[in-house]
Number of protein chains: 2
Amino acid sequence: MAVKIGERTIRLENSTGIIASAGIAGKKESEGPLAAHFDKIFNDDTLGEKTWEKAEIRLQTEAVNTVFEKSGFSAKDIDIVLAGDLLDQCISSTYGMRSFGIPFLGQYGACSTMAQALLVGSILVDSCAAEKVLAVTSSHFCSAERQFRLPIEYGGQRNLTAQWTVTGAGAAVIGKGNTACRIEDVTIGKITDMGITDSSDMGAAMAPAAADTISSYLNDTQTLPEDYDIILTGDLGAVGSELLCELLLKEGKDISRVHRDCGKLIFAREYQDVHAGGSGCGCCASVFCSYIMKKIISGELNNILFAATGALMSVKASKQGESIPGIAHLIHLRK
Amino acid sequence: MAVKIGERTIRLENSTGIIASAGIAGKKESEGPLAAHFDKIFNDDTLGEKTWEKAEIRLQTEAVNTVFEKSGFSAKDIDIVLAGDLLDQCISSTYGMRSFGIPFLGQYGACSTMAQALLVGSILVDSCAAEKVLAVTSSHFCSAERQFRLPIEYGGQRNLTAQWTVTGAGAAVIGKGNTACRIEDVTIGKITDMGITDSSDMGAAMAPAAADTISSYLNDTQTLPEDYDIILTGDLGAVGSELLCELLLKEGKDISRVHRDCGKLIFAREYQDVHAGGSGCGCCASVFCSYIMKKIISGELNNILFAATGALMSVKASKQGESIPGIAHLIHLRK
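Residues numbered from 1 in each chain as written. Chains lettered and ligands numbered in written order. Predicted model: local features only at pLDDT ≥ 70, side-chain atom pairs only at ≥ 80, totals over all residues. Heavy atoms only, no water.

Moving on: the side chain of H275 of chain A. Residues and elements named next belong to chain A. By the element assignment, H275 lies in the loop between α9 (269-272) and β13 (278-279). For H275, the side chain forms a polar contact with the main-chain oxygen of R158, separated by 3.5 Å. Here H275 is in contact with R158, N159, L160, A162 and R269, once residues within four sequence places are set aside. (Helix = DSSP H or I, 4+ residues; strand = E, 2+ residues; numbered from the N terminus. Polar contact = N/O pair within 3.5 Å; in protein donor to acceptor, adjacent residues only side chain to side chain. Contact = heavy atoms within 4.5 Å.)

Attention now goes to helix α5 (residues 141-148) of chain B. Of all the 8 residues making up α5 of chain B, 7 are buried; the element is thus mostly covered by neighbouring parts of the structure. Within α5 of chain B, the full set of buried residues consists of F141, C142, S143, A144, E145, Q147 and F148 of chain B. Elements that come into contact with the buried residues of α5 of chain B comprise α11 (315-319) of chain A together with α2 (52-71), β7 (133-139), β8 (164-165) and α11 (315-319) of chain B. (Buried < 20%, exposed > 50% of the residue type's maximum accessible area, 1.4 Å probe, protein only.)

A few words on the relation of the copies chain A and chain B. With an axial shift of 0.0 Å and an RMSD of 0.0 Å, the rotation relating chain A to chain B amounts to 180°. Seen this way, the second copy is the image of the first under a two-fold rotation axis. Here 100% of the contact residues of chain A are again contact residues in chain B; the copies associate through an equivalent surface. (Least-squares fit on C-alpha atoms with pLDDT ≥ 70 in both.)

All names here are of chain A. One pass over the structure, following the stated rule, counts 8 aromatic pairs over all chains. The interplanar angle of 90° and the centroid separation of 6.0 Å between the aromatic rings of F68 and F100 together place this pair among those described as edge-to-face. Here F100 lies in the loop between α3 (91-97) and β6 (104-108) and F68 lies in helix α2 (residues 52-71), a separation of 32 residues in the sequence. In this structure, F68 and F100 share a single accessibility class: buried. Between F288 and F306, the aromatic rings sit 4.5 Å apart at their centres with planes inclined by 5°, giving stacked as the arrangement. A residue pair is termed long-range when its members are at least 10 positions apart, and F288 in helix α10 (residues 281-298) and F306 in strand β14 (residues 303-311) qualify at 18 residues. On the basis of relative accessible area, F288 is assigned to the buried category, the value being 0%. Given the relative accessible area of 0%, F306 is considered buried. The residue whose ring lies beneath K28 is W164, and the NZ or CZ to ring-centre distance is 4.1 Å. (Phe/Tyr/Trp six-rings, centres within 6.5 Å; stacked < 30°, edge-to-face > 60°. Lys NZ or Arg CZ within 6 Å of the ring centre and 35° of its normal.)

Here the phi dihedral of Q89 of chain A falls at roughly 60°; this positive angle occurs in a residue that is not glycine. Turning to its location among the elements, Q89 of chain A is positioned in the loop between β5 (80-84) and α3.

Let us look at the packing of helix α6 (residues 202-221) of chain B against helix α7 (residues 237-250) of chain B. All names here are of chain B. Here α6 crosses α7 at 40°, and the two axes come no closer than 8 Å. Our classification of the angle between α6 and α7 gives oblique. For the element pair α6 and α7, the recorded crossing hand is right-handed. In this structure, α6 contributes G203, A204, A207, P208, A210, A211, I214 and S215 to the contact, and α7 contributes G240, L243, L244, L247 and L248. Grouping the constituent residues of the contact of α6 with α7 by class yields 10 nonpolar, 3 polar and no charged. (Axes fitted to C-alpha atoms, helices over the stretch in contact; angles between N-to-C directions. Parallel < 35°, antiparallel > 145°, perpendicular 65-115°, else oblique. Left-handed = near helix turned anticlockwise from the far one by under 90°. Nonpolar A, V, L, I, M, F, W, Y, C, P; charged D, E, K, R; others polar.)

Right, let's talk about the nonpolar core for a bit. Counting residues in each nonpolar core, the largest one holds 114 residues, and the members touching the most others are L118, F288 and F306 of chain A together with L118, F288 and F306 of chain B. With sequence-adjacent residues up to four places away left out, L118 of chain B is seen in contact with I18, A135, A172, I174, I183, F288, F306 and I331 of chain B. (Core = buried A, V, L, I, M, F, W, Y, C linked by side-chain atoms within 4.5 Å.)

The structure is reproduced here in structure tokens:
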């Protein structure tokens, strides 16, 4: 049974946690600092498919197959799959999960999807609505570029605040007993819109949402940033990360020493030409489900806040003059 | 605490249910048989907005405002809002819910979204993760036509199996105590794909998913169609409804006497030129949250299965030769 803590935080009390996870990635990601940590790498970003969308669909299927291989689970062991992505009508998830025959609940959280799926999944397991839930998401540089920005063939120059959509996916199995870490608390994000309209500066659009959720969590639980080994954000990149630290510092919360961002971790900005860093649903999904989970299993990280951010806009909304609302969902993990 | 019944059904045991609801609709819907039942009608389908997308965004905001007016609740009474829609990146929901400041979990279930949001919301409330959850969805004929088919200005001729996207929205507050009806059981849909590729025949694409979920529910609970006052589907329309009855009859389950479909109820096909009937997330949302809920409150309906279907495709997926997967989520309501 869940218990509300403070204003917005939900505490889970049934030892629900992550049993297994897998993070997979593409070629550019395999040339970055986390290369050795991904569970599978695809040097051909088409994954042998005819379109970029089909390649991204395949990424989700492969992420699930990889976590099944690692854990020994199969589709019949899973009660519910929670998946989502940024392609129109979430087709990476619907087509990616189609062959598994697992009851499916589509999630829409933009780049916060991994945290949202883990958050909802942990409540479903904790409440006994499911024994095991699978959380999955993905992104692909080429499908994202042509949907949200320009076809890659165009070779358009990128703004320095722009981020590079990660080609990658992550999948995690949530359950009870024999978990690598427990999901102790979750905080659901509020839609936060500070009027940013530059779709080449997503970090700035999402940072206020991350600040709001992390601040709420720390207030609700009466804890301090230094109580955690790491406060991990999803894909704020260099610009958004700096803003997040600034915003929280104004409230007297200095997270700078423990804050890390998956968008900064996944690429070496000094030689990979990714400008402000990585982004996309697959960014924190691939990093969290491989690199971070391995650090948890090894005991290097024991007390973790993971807050993934999403920009809740569309091309059509931007063309109609709308600003970019952000959201950030948080989970608190403990070894 | 939830309990698993049979293979896939989840039984809720904490008297969780629907406290209040509101269904709103546009002009064409106000000329149909359910005109008197909607809680609010907009004779101007622009809702005073400059674009069809902004009009649909406004529909979601209006649905929430209407359920708040009817129930006396306000945003501060709601712990979580679950919302989704069919526009790219679910912008009706993200922009429609932006002003309320309620923790937000985006749902993607295509036209099954109302049932999905009620289903997930009821588990969240039942598990005490939330006291009150708001479930919201919408569709708009003009935003759907130009996104999925042709701009309405083109005046293209419609196939006879085609359905007419409802301009409408629904919102419901889920909680415990003082409920109009309880949500006793829920069954999460599986992605079902029978290879249908005609996007003018969504009913046919979705009927197998509805058959699968309803059949699973009846098997899991060892009940018969005649045990229910109504088995309500979302937007199968005339073609899909006939197929659903046929598919279930093959399994020895005759639902024909108790089956009703929101897509058939909302329009008078004989004089409204809607071909196979209504569709869209707003179809079953507006019908269920107004007409059906009023029949439950009056005592005319006491034992209800509500299974909303969704077609999980996109224009891009169809152009790349993909078939149309369907899904159906079910909730069992009892007065």
